[in-house]
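Each chain, written out:
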Amino acid sequence: MGSEDVLKSASTLASYNVLLQVMFRLLTFFLNAFTLRFVSKELIGVVNVRLMLLYTTLVFLSREAFRRACLSGDGVGRNWRQVINLLWLTLPLGCLWGVLLVCVWWWLLQAPDPMTVPHYVPAVGIFCLAALTELLAEPLWFLAHAHMLVRLKARAPIPVGKEFSVVAESLAMIAKCLVTVVMIVSAPHWGLYIFSAAQCVYAGSLLLCYVVYFLRFLGSEEAKKRSFPLNHISQLLPTTVNGQPLINWKLATLTWSFFKQSFLKQILTEGERYVMTFLNVLNFGDQGVYDIVNNLGSMVARFLFLPIEESFYVFFANVLERGRDVRHQKQEEISIAAEVLECLLKLVLLIGLIITAFGYSYSHLALDMYGGELLSSGTGPSLLRCYSFYVLLLAINGVTECFVFAAMSKEEVDRYNLVMLGLSASFLLLSYWLTWLFGGMGFILANCCNMGLRIMHSLVYINHYFQHSGHTPLSGLRPHPSLLIALAISFVLTAFSEHMFCCDSGWLLRLVHVTIGAVCLLGVVIIAFLTETRLVQFIRTRLLPKYSRKHT
């Protein structure tokens, strides 16, 4: 399996992943905007912060380490039976985490006012059951993602396994939103039961999509053509391996290393929710507003940066030899990895700078259109403006850590766990202190500090990794001066436009404000196209598969 093949497939699935997520998420975006008109800030705070924190904590801690470990390494030489047996350990681990977390959510955390937010206790149990339902799909998820590697051996052009994974998750999310909208309109007095039922629909729909897909695929002529390692759905169940250990202990050891790392990464990822939940620095209403702003601000990270990070992690993990010095690896593959890393850094940096420059002047308008006065009248616009800069840091960190995690040895991963431990502790203390000073904005400022430290660590590692290779992928973090000037001018013009035309003078002047921003954005894109020619070539040949096939 050549590095060019892996790169082509990773680039293809990244672009399809982004397009599919944008298409499906736009629908959920409008459904959620509709929902905001019928619920209180307090109910949103309990659901999106308290209950979803339970759900994401249980799911993430139960499966993330298994995903990282099982997707690493050579797909040709792996023992699929041992990998599947290992993945089934996510379910008993999830049960243990579920019992522990439900007890904490029931008896240690302050319950909301039952008059304002009814049915809290049963909702906690239902959310836990929904999380365990999603864990049942874990072996199927892994096969759908690893299917990309199997298809590469068969020289298939499109990695539909992972593409289907995106479709399945998107369909499940749409089903969840539809159930929420219907129940809120028809039975608003049910309170948390509405969102609990919707979460169960999401988990059940996701599991059903995977089961139906593999029932049709396994044993089919298509699977036989591509030498897929499994032939029947029953082979997905955990079974013994004749003459071999039940699981691959080397892979299990790597999983344990990633588990320690994932525990700390979860604290960093959801740190502000843990502080809000356990330290009560914000009431449920303020938590609801912050969470909505946080979700809006992170849309680009979810739609664009995360698919790129996940897809190219697979590329780097298969091209690079984990833990081996760059001088002792195939130089052709090192050269390709360095070129891809440089272009990815330049791409996400450019997107992040555009969001930072334009986000300041369009935050108030975006919140007013999305949630009305509920979001635009208070601290919401200031929170979203601050988040615009945080998105820039998210973009850079996603790509740098994507490379670092694919290149690190087990020992280096263990050492990095200590770094993450320090970052986790400092983040919790910093977020608690800054929140008392600045309210919800303190969480974003703490996240910016944390993300900056993680970026610095990754940059030091990458620089050390390539120091004897002659490659300088970190040059991707130096945009052309003309581009920076264009972004600065756009920032000033759009800020002046907001002051003059937005957002209390009617829709006509709002349209003028949007038009000025569109013209500025077009100018920035044209300058980027003229100055960043290497990046443009990378996008044409790597991230736009349809364009590439048409012109080659």
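Scroll up for the structure.
Residues numbered from 1 in each chain as written. Predicted model: local features only at pLDDT ≥ 70, side-chain atom pairs only at ≥ 80, totals over all residues. Heavy atoms only, no water.

> Account for the nonpolar core, with residues named and values stated.
Counting 177 residues, the largest nonpolar core has F142 and F316 as the members making the most contacts within it. Of all the elements, helix α14 (residues 331-371) adds the most residues to this core, at 23 residues. (Core = buried A, V, L, I, M, F, W, Y, C linked by side-chain atoms within 4.5 Å. Buried < 20%, exposed > 50% of the residue type's maximum accessible area, 1.4 Å probe, protein only. Helix = DSSP H or I, 4+ residues; strand = E, 2+ residues; numbered from the N terminus.)

> Break down the pattern of salt bridges for me, with residues and values.
Tallied over the full model, the rule gives 11 salt bridges. A salt bridge links E134 to R63; the nearest nitrogen and oxygen atoms lie 2.8 Å apart. You can see E134 sitting in helix α5 (residues 120-135) and its partner R63 sitting in helix α2 (residues 41-71), a full 71 residues away along the chain. Among the ionic pairs, R454 bridges to E401, the shortest N-O distance being 2.9 Å. One end of the pair, R454, is in helix α18 (residues 441-465); the other, E401, is in helix α16 (residues 380-407), with 53 residues separating them in the sequence. Residues R454 and E401 agree in their burial class; the two are buried. Three or more residues are tied together by salt bridges with common partners; here these are R63, R67, E134 and E138. (Salt bridge = Lys/Arg side-chain N within 4 Å of Asp/Glu carboxyl O.)

> Please provide a residue-by-residue account of the layout of surface pockets, values included.
One number sums up the size of the largest pocket: a volume of about 970 Å³. Every residue lining the largest pocket is counted, 29 residues in all, and those nearest its centre are L296, V300, I355, Y362 and A366. Looking at the lining of the largest pocket, the elements with two or more residues in it are α1 (3-35), α12 (284-297), α13 (299-319), α14, α16 and α20 (507-531). The leading source of residues in the lining of the largest pocket is α14, at 11 residues. Split into classes, the residues belonging to the lining of the largest pocket amount to 24 nonpolar, five polar and no charged. (1 Å grid on protein atoms, 1.4 Å probe; cavity = no way out; pocket = protein on both sides within 12 Å on 5 of 7 lines; lining within 4 Å. Points joined across faces, edges and corners; volume = space filled by probe spheres on them. Nonpolar A, V, L, I, M, F, W, Y, C, P; charged D, E, K, R; others polar.)

> Describe unusual backbone geometry, naming the residues involved and giving the relevant values.
Look at H119: it is not a glycine, yet its phi comes out positive at around 70°. Structurally, H119 can be placed in the loop between α4 (90-108) and α5. Unusually for a residue other than glycine, N280 sits at a positive phi of about 55°. If you trace the backbone, N280 turns up in the loop between α11 (271-279) and α12. A relative accessible area of 40% means that N280 is categorised as partly exposed.

> Tell me what's going on with the packing of α12 against α13, and back it up with residues and numbers.
The interhelical angle for the contact between α12 and α13, taken along N-to-C directions, is 30°, at an axis separation of 4 Å. Classed by the angle they form, the pair α12 and α13 counts as roughly parallel. Facing α12, whose interface residues are N295, L296 and G297, α13 presents M299, V300 and R302. Of the residues belonging to the contact of α12 with α13, the class tally is three nonpolar, two polar and one charged. (Axes fitted to C-alpha atoms, helices over the stretch in contact; angles between N-to-C directions. Parallel < 35°, antiparallel > 145°, perpendicular 65-115°, else oblique. Contact = heavy atoms within 4.5 Å.)

> Any details on α16? Residues and values, ideally.
When the terminal C-alpha atoms of α16 are compared, their 40 Å separation across 28 residues agrees well with the 40 Å that a helix rising 1.5 Å per residue should span. Within α16, 25 of the 28 residues are buried, which leaves the element mostly enclosed by the surrounding structure. (Expected span 1.5 Å × (residues − 1).)

> Let's hear about the packing of aromatic side chains: which residues, and what values?
Tallying each qualifying case throughout the model produces 18 aromatic pairs. Residues F312 and F315 carry aromatic rings whose centres are separated by 6.2 Å and whose planes lie at 80° to one another, so their mutual orientation is edge-to-face. Linking F312 with F315, this pair stays in helix α13, spanning three residues, or about one helical turn. Assessed through its relative accessible area of 0%, F315 is described here as buried. When the centroid spacing of 5.4 Å and the interplanar angle of 50° are considered together, the rings of Y360 and F491 count as tilted. Taken together, the residues Y360 in helix α14 and F491 in helix α19 (residues 481-501) connect sequence positions 131 residues apart. (Phe/Tyr/Trp six-rings, centres within 6.5 Å; stacked < 30°, edge-to-face > 60°.)

> Please set out the environment of E412 residue by residue, giving values where relevant.
Note that E412 resides in helix α17 (residues 410-438). Along the backbone, E412 and G323 are 89 residues apart, and their C-alpha atoms lie at a distance of 7.8 Å. Setting aside anything within four residues of it in sequence, one finds E412 in contact with G323, A407 and Y461. A distance of 2.8 Å separates the side chain of E412 from the backbone nitrogen of S409, its partner in a polar contact. Here the side chain of E412 touches Y461 through a polar contact of 3.2 Å, side chain to side chain. (Polar contact = N/O pair within 3.5 Å; in protein donor to acceptor, adjacent residues only side chain to side chain.)

> Quick rundown of the side chain of T255? Include the residues and the values.
Within the secondary structure, T255 is located in helix α10 (residues 249-269). Overall, T255 belongs to the buried group, its relative accessible area being 5%. Engagement of the side chain of T255 in a polar contact is seen with the backbone oxygen of L251, the distance being 2.8 Å. With near-sequence residues (within four places) excluded, T255 lies in contact with A65, F66, A69 and L86.

> Help me get a handle on the side chain of T90, residues and values and all.
Inspection of the secondary structure assignment puts T90 in helix α4. Residue T90 is classed as buried on the basis of its relative accessible area, which comes to 1%. Reaching out from T90, the side chain makes a polar contact with the backbone oxygen of L87 at a distance of 2.7 Å. Setting aside residues no more than four positions away along its own chain, T90 makes contact with S62, R63, F66, L135 and E138.

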